[in-house]
Every structure is written in C-alpha cells, then in structure tokens.
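# Survey of secondary and tertiary structure
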Amino acid sequence: MMQCVARSRKTDAGLALMVVLSLTLGAWPFGPTSVRAQSVRSLWGTTQIDESPYGILSNAVTNLAVRGDTIWVGPYLNRSTDAGATWELPASDSLFGTANRVFSVDVSDNTVIVGLGYNDTSAGSNTQSAAGFLVSRNGGDSYAYRFPQLDDPTDDSITYGNNTLYALPVIVPQQSPPFDVSYDQKTGTVWVAGWASGIRRSDDDGRTWQRVVLPPEPLREISPDEAYDFSIEPRRGETGYLNHMGFSVLADRNGVIWAGTPAGVNRSLDGGMRWERFTTGATPNSLTGNWVVSIEEQVLSNGDHHIWMATWNAGEVGEQGVFGVTRTRDGGETFEQMILEERVFDFAFGGDEVIYAAAESGLLISRDGGNSWLSERTFGQTTTQGGIPVSTEVY
C-alpha cells in the first residue's frame, strides 16, 4: 500500500486509526509526489539516532507503520516510541540531502524493511522511480542501504522449472518504484512490488533480487512442472503483460504469498513457485476489479486470518469490475465483495471486529467485522467551528 499507508503487518488497535488517516487527509496512493518539508539543513547527513526538535520532518505524511508502541512516519522515516511526544531522526543518510523518500514500509518484530523512491523530473514530468531499500534488524536503531531491484543489461532470461524464458531487462529506475514491500517471517524472504520491474524477491536481506514468474494473461495458473514459452515483461503498449507489473505484495502468517497486479491477485502456496491468478468475473465470488492496489492481513484472536484487498476497475479491455473491496476468509478459496463503488486505498485493523478503510470519500469504519460501514469525514475538534475536514483530492 504501493502505498501511501505503509505496510505494517502488526497494526495495533490503539494506532490503527493513525495508519489510515494519512490517506484520508489527502495523499497519493502510489508514493509521495510533492513534499512540503520543514527546514532541516542542520540535520542532513545524520547517521545516528537523535531527537528531532522539529517533530516529524514533513507536513505531508505519506506512510505510517506500527509495531507495538512504536510508529514510523514517512516520507522521512521519523520514529516515535512514546505516542508522538518525541520524534527521532532515522539512522540513515539516504533520505537527507537527496530526492529520496519513503514509498513503502513493513515492520515485523525487529525487522524493518523500507522501500525508497523519488520523482524523476528530468523529462519534464514526474516519473516515480526506484531508489533502493533500507533494512534494519534492530527495530530501526540502524539501517543498511540496499540498491534498487534492477537488472543488468545481460539479464535477459530466467529459469522456471525446465523452461528458459526470455525476460526483458529492467535496467533503469524510472517506473520501478517500490510500491509495496513485505517480509516473510517464516523464511526471511523480502518481497517487493515494483511496478515495471514486477514482483521480486530477495533471500539475502535485499543484497540481490530475483524476478518472480507470474502467469501471463490469459493463463490462470503456472507450475514449474509444465512447459511454457511466454516472456517475462511488463505491458508497454501492445507488448508485454499486465500481470508482470507489481502493485502490492503480502507474505501472510501462513506463508502464503499474495501478489497484486493490474490483472488480478496471484496466490502461491509454495513460497513463490506455483501461482494461481484470480480476477474479476462480474460475480459476487470474485474480485470487484482487477487492479489490486493494496493487500493487507487481519489476524484474529482465534488465530484465523482474513486477507483484505483494495480492488479497482481501471477500465482495461474486457474488464467487468467496479471499484471496491474484496476479502477472503479462507485463503482464497472464496471471495466476498463489499463497499462497492468506493475507491479504497488501504486498510488498518483494531482487533477482530473493527476495520478501517481509507477511501477517496473519507475514512470508512466497520465495527462488526465488515458487515456494515460508516463514513467519517471530520477528525478532531481543533476549533469551535469544527474539526479537520477530509479532502477529496488525491495528490
């Protein structure tokens, strides 16, 4: 949750509302664009954790991630361990004095994975681009920088089972920002959804990255035991495949990998080898739309877990879907549609029954496990005239 709201797979009830407010108060769903930063020149180049006298370093909040009583805030990765009373500067020089900003975050125990991106304006327009990753194994006390998930010009093939498939080398950072990252607690694998660079994985904390082979349209599933002759390349005009472009990714608590693309959601039960693709089908037991821009996991107190997806209708040829939310409570065997005609960006959870959905129309809240929803558009009571209204404009 490509994602303006960062990917924290352990959202606590007390901070769940904060995790979605950054979107409902107006933020671009695919990463930061315009940043109104306060003056922090004296702080640039900081390589140790210091308290920030300015609080968070930008008035435009683009990401939030939570673990226990600790919260991380983008676009500069400020951290608070005391409910926002004080804020720390990140122990990294990859964010200060550069155009780099936080595009995605996942927090799991003491592991923090941060996807960095920037807006390239060299061609006269804003092109979201990959800038690498920050990896922490000590809860954010220090970070190691990793290079972006790009190819060498000679990386033009990939082995899948007994198949050798052509793969288009993605060698430039433009159009490959890390919209989403996910850390697999069971295997230690880091996953990234990087738009034109597709879905990729790293088994060495981001030092190296491998392409992930997903079914091309119109295939519904692939297995390394079968023979194939398709190529691995993102859609460019009439060439390539929408399902080889990455919006969102989740490694859930059961080890199932979910990959959201503009052509549906892909599920792997074996760590990323075999894949099955699910799409909209104009039926209640399908996705509302094929653009799967966010995937989040709700872990219930009884150990069950539900997968929530923001599923959009982007008007692709032949698509019959609508904007809305899709949920599965049985690992993808069946799907449920809800909040139809709403453009939802991301989710947070407060226990078993409370679900927050950040939408273009405001903050949608369910207090009965998704059976009914209320819309909240004013937050806080800052003056006698009222609170803070939600903007309908998305930047």
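Quick look at the structure, then. Values in this document were obtained by computation on a predicted structure and should not be read as measured data. (Residues numbered from 1 in each chain as written. Predicted model: local features only at pLDDT ≥ 70, side-chain atom pairs only at ≥ 80, totals over all residues. Heavy atoms only, no water.)

### Quick notes on the overall build of the chain
Threshold: Runs of E in the DSSP output that reach at least two residues are strands. Runs of H or I that reach at least four are helices, and both are numbered from the N terminus. Areas reported here follow the Shrake-Rupley algorithm with a probe of radius 1.4 Å; residue values treat only the protein chains shown as occluding.
Scanning the chain from N- to C-terminus turns up one helix and 29 strands. About 15,900 Å² of surface is accessible on the chain, with carbon and sulfur atoms providing 48% of the total.

### Some points on the pattern of salt bridges
Filter applied, for reference: Just to be clear on terms, a salt bridge is a Lys or Arg side-chain nitrogen sitting within 4 Å of an Asp or Glu carboxyl oxygen. The buried label applies to any residue whose accessible area, calculated with a 1.4 Å probe on protein chains only, is under 20% of its type's maximum; exposed applies above 50%, and partly exposed to all values in between.
Within this structure, the stated rule accounts for 16 salt bridges. Between R274 and D225 there is a salt bridge, with the nearest N and O atoms lying 2.7 Å from each other. Here R274 is found in the loop between strand 18 (264–268) and strand 19 (275–278), whereas its partner D225 is found in the loop between strand 15 (221–222) and strand 16 (248–251), with 49 residues between them in sequence. Taking the relative accessible area as the measure of exposure, R274 reaches 38% and is therefore partly exposed. For D225, a relative accessible area of 57% gives the class exposed. Measuring nitrogen to oxygen at the nearest pair gives 2.8 Å for the salt bridge that ties E336 to R329. For R329, a relative accessible area of 47% puts it in the partly exposed group.

### Quick look at the pairing of strand 25 (residues 354–359)
Worth spelling out the cut-off: Whether two strands pair depends on DSSP finding at least two bridges between them.
Across the six residues of strand 25, six count as buried, placing the element largely inside the fold. With burial as the criterion, each face of strand 25 is covered, one bearing V354, Y356 and A358 and the other bearing I355, A357 and A359. For strand 24 (residues 344–350) and strand 25, the ladder comprises six bridges, and the chain directions are antiparallel. Across the sheet, the residue bridging to D346 is A358, located in strand 25. Taking the residues that link successive antiparallel strands as the turn, the strand 24-strand 25 hairpin has three residues, and the phi of G351 there is positive, at about 80°. By the bridge criterion, five bridges tie strand 25 to strand 26 (residues 362–366) in an arrangement that is antiparallel. Directly across from A357, in strand 26, lies its bridge partner L364. The hairpin turn running from strand 25 into strand 26, its antiparallel successor, is two residues long.

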